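Okay, here's what each chain looks like letter by letter:
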Amino acid sequence: RKGDLTAEVRQYEEAGFDYRFIRGLSTLLERRCRFEAEAAVDPLTARRTVYEAAGTGLTVTGEDRARVLGSAAGRLGVSVEELERSMYADLEDELVLREFRPVNPEALLKQYNLSLTQTLLFRSTRLEVRARSRWKTILRQVKYLGLIYSAEVDRGQFSVAVDGPLSLFRLTQRYGTSVAELLPTILEAEDWEVRADVVRGGTTGKRVLQLRLSSAEAGRVMRPWGPAAVEGAFDSGVEERFSRRFEALGSGWRLTREPEPLVVGKHVMVPDFGFERDGERVYLEIVGFWTREYLERKIQK
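Residues numbered from 1 in each chain as written. Predicted model: local features only at pLDDT ≥ 70, side-chain atom pairs only at ≥ 80, totals over all residues. Heavy atoms only, no water.

(A) Inspection of the overall build of the chain at higher detail. Counting its secondary structure elements, the chain contains ten helices and twelve strands. Compactness check: the chain gives a C-alpha radius of gyration of 27 Å against a globular reference of 19 Å for 301 residues, more than 25% above the reference. Of all 301 residues assigned to the chain, the portion counted as buried reaches 36%. Counted over contacts in the chain with a minimum sequence separation of 6, partners at least 24 positions apart contribute 65%. Within the structure as shown, the chain displays about 18,500 Å² of accessible surface, and the carbon and sulfur contribution to it stands at 50%. Positive and negative charge centroids in the chain, built from 47 and 46 side chains respectively, lie 5 Å apart. (Helix = DSSP H or I, 4+ residues; strand = E, 2+ residues; numbered from the N terminus. Rg over C-alpha atoms; globule rule 2.2 N^0.38 Å. Buried < 20%, exposed > 50% of the residue type's maximum accessible area, 1.4 Å probe, protein only. Contact = heavy atoms within 4.5 Å. Areas by Shrake-Rupley, 256 points an atom, 1.4 Å probe, with all protein chains shown as cover. Lys, Arg positive; Asp, Glu negative; His and termini not counted. Charge placed at Lys NZ, Arg CZ, Asp CG, Glu CD.)

(B) Layout of the pattern of salt bridges. Here the structure, examined in full by the defined rule, presents 27 salt bridges. The shortest N-O distance in the salt bridge between Glu36 and Arg34 comes to 2.3 Å. Take Glu36: its relative accessible area is 34%, and that puts it in the partly exposed class. In this structure, the salt-bridge partner of Arg98 is Glu36, at a minimum N-O distance of 3.8 Å. With Arg98 in strand β2 (residues 96–100) and Glu36 in strand β1 (residues 33–36), this pair connects stretches of sequence that are 62 residues apart. With a relative accessible area of 41%, Arg98 lands in the partly exposed category. Look at the salt bridges and you will find they share partners, linking Arg34, Glu36, Glu38, Arg98 and Glu99 into a network. (Salt bridge = Lys/Arg side-chain N within 4 Å of Asp/Glu carboxyl O.)

(C) Spotlight on the sheet that holds strand β8 (residues 254–257). Read across the sheet, three strands follow the order β8-β11-β12 without closing on themselves; strand pairing throughout is antiparallel. Only two strands of the sheet have a single partner each, and these edge strands are β8 and β12 (280–284). When strand polarity is set aside, the average angle formed by the axes of neighbouring strands in this sheet is 20°. Here β8 runs beside strand β11 (residues 273–277); their pairing, made up of four bridges, is antiparallel. Bridging across to β11, Arg254 finds its partner in Glu276. Contacting β8, β11 and β12, helix α9 (residues 237–249) crosses the sheet at an angle of about 15° to β11. (Pairing = 2+ DSSP bridges. Axes fitted to C-alpha atoms, helices over the stretch in contact; angles between N-to-C directions.)

(D) Seen up close, the nonpolar core. With 37 residues, the main nonpolar core has Leu127, Val162, Leu182 and Trp192 as its most contacted residues. When residues of this core are traced back to their parent elements, those giving at least two are α6 (105–121), β3 (124–131), α7 (135–144), β4 (149–154), β5 (157–163), α8 (172–187), β6 (192–202) and β7 (205–214). Sorting elements by how many residues they give to this core places α8 first, with six residues. Residues contacting Leu182, with those up to four places away along its chain left out, are Leu127, Ile138, Gln141, Val142, Leu145, Leu147 and Val162. Judged by nonpolar contacts, the second largest core, of eleven residues, contains Ala46, Ala72, Ala73 and Val78. (Core = buried A, V, L, I, M, F, W, Y, C linked by side-chain atoms within 4.5 Å.)

(E) Structural view of the packing of helix α4 (residues 62–76) against helix α5 (residues 80–87). For the pair α4 and α5, interaxial distance at closest approach is 9 Å and the crossing angle is 90°. In terms of their interaxial angle, α4 and α5 are classed as roughly perpendicular. Of the residues in α5, those touching α4 at Arg65, Leu69, Gly70, Ala72, Ala73 and Leu76 are Val80, Leu83, Glu84 and Met87. Of the residues contributing to the contact of α4 with α5, the split by class is seven nonpolar, one polar and two charged. (Parallel < 35°, antiparallel > 145°, perpendicular 65-115°, else oblique. Nonpolar A, V, L, I, M, F, W, Y, C, P; charged D, E, K, R; others polar.)

(F) Molecular detail of a nonpolar patch on the surface. A cluster of nonpolar side chains, Leu5, Leu97 and Phe100, forms an exposed patch at the surface whose accessible area comes to about 240 Å². Note that Leu97 resides in strand β2. The class of Leu97 is partly exposed, set by a relative accessible area of 34%. (Patch = residues over 30% accessible without salt bridge, like charges linked within 9 Å, V, L, I, M, F, W, Y side chains within 5 Å.)

(G) Summary view of the pairing of β5. Burial runs high along β5: six of the seven residues are buried. Pairing of β3 with β5, which is carried by six bridges, proceeds in the antiparallel orientation. The partner of Glu128 across the bridge, within β5, is Ala161. Pairing analysis gives six bridges linking β4 to β5, with the strands arranged antiparallel. Following the sheet pairing, Glu152 is matched in β5 by Ser159. Between β4 and the antiparallel strand that follows it, β5, lie two residues; Arg155 among them carries a positive phi value of about 50°.

(H) Representation of α4 in the model. If you check α4, its first and last C-alpha atoms are 21 Å apart, about what 15 residues at 1.5 Å a residue would give, namely 21 Å. Looking at the buried positions of α4, the neighbouring elements they touch are α3 (43–54) and α5. Looking one or two places after α4, you find Gly77, whose phi comes out positive at around 75°. (Expected span 1.5 Å × (residues − 1).)

(I) Just the environment of Val142, in detail. With respect to the helices and strands, Val142 occurs in helix α7. Once residues within four sequence positions are removed from consideration, Val142 is found in contact with Leu147, Tyr149 and Leu182.

Structure follows, in structure tokens:
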């Protein structure tokens, strides 16, 4: 039972370990579990049948209770013991562990470190990434996640600046999740550096602290896991619908999904679509999250 596992975890907290550390590890382990309700009959149906069998009367004695449960069990074609187990089987503590994907301690700690860092990025106003390899993959993931960004490349080193969740006035939760999902892709590069401005609140007010990570240090203690960039995948349903409808027009224009990045000086841009006909090329970008300033920068670029 999930309740039994939770009780075991509490014993470690009471033994003097940092409860935040213990709960962090147990949360990651729980994501590797599959729990199911163990019931001979649907719990909602079981409860409804018991209440109907009780009618308007109160079951104040053991005899009354046994009579009601026996009547309800007879209607459902199960034993009284099966009915009692089924009545509350959908409560979280009553769920039963059906599957667990094991993980070794080192990999678990690396996932824990990654999750902590991703949580910090939820409180960021700006994120800067520098990388010498896989920069096209990183940029494609930035676009796949719909992030507000600007990108440059200088002497083989790529850099991208992403607006953090706290720079927006709306949709900060959803946008913050997208920023956090970028980190696993960055970790897969060979040589990278991350800087983020993180807002921290306290008794003396809010402060902006700078988080600095690099492949030389953090690359050994964090595990790149989670959503990865999918080559050829559409960034959104909007793009997929646009592509299908445009192809159906038979306009004579050849449509290319995510053409090669456009590099002009230090500036880099990856359009969502390229159109080509008779030697003429046209590019189109569909914007996900946006602000007025972001659109103005796009137009200037």
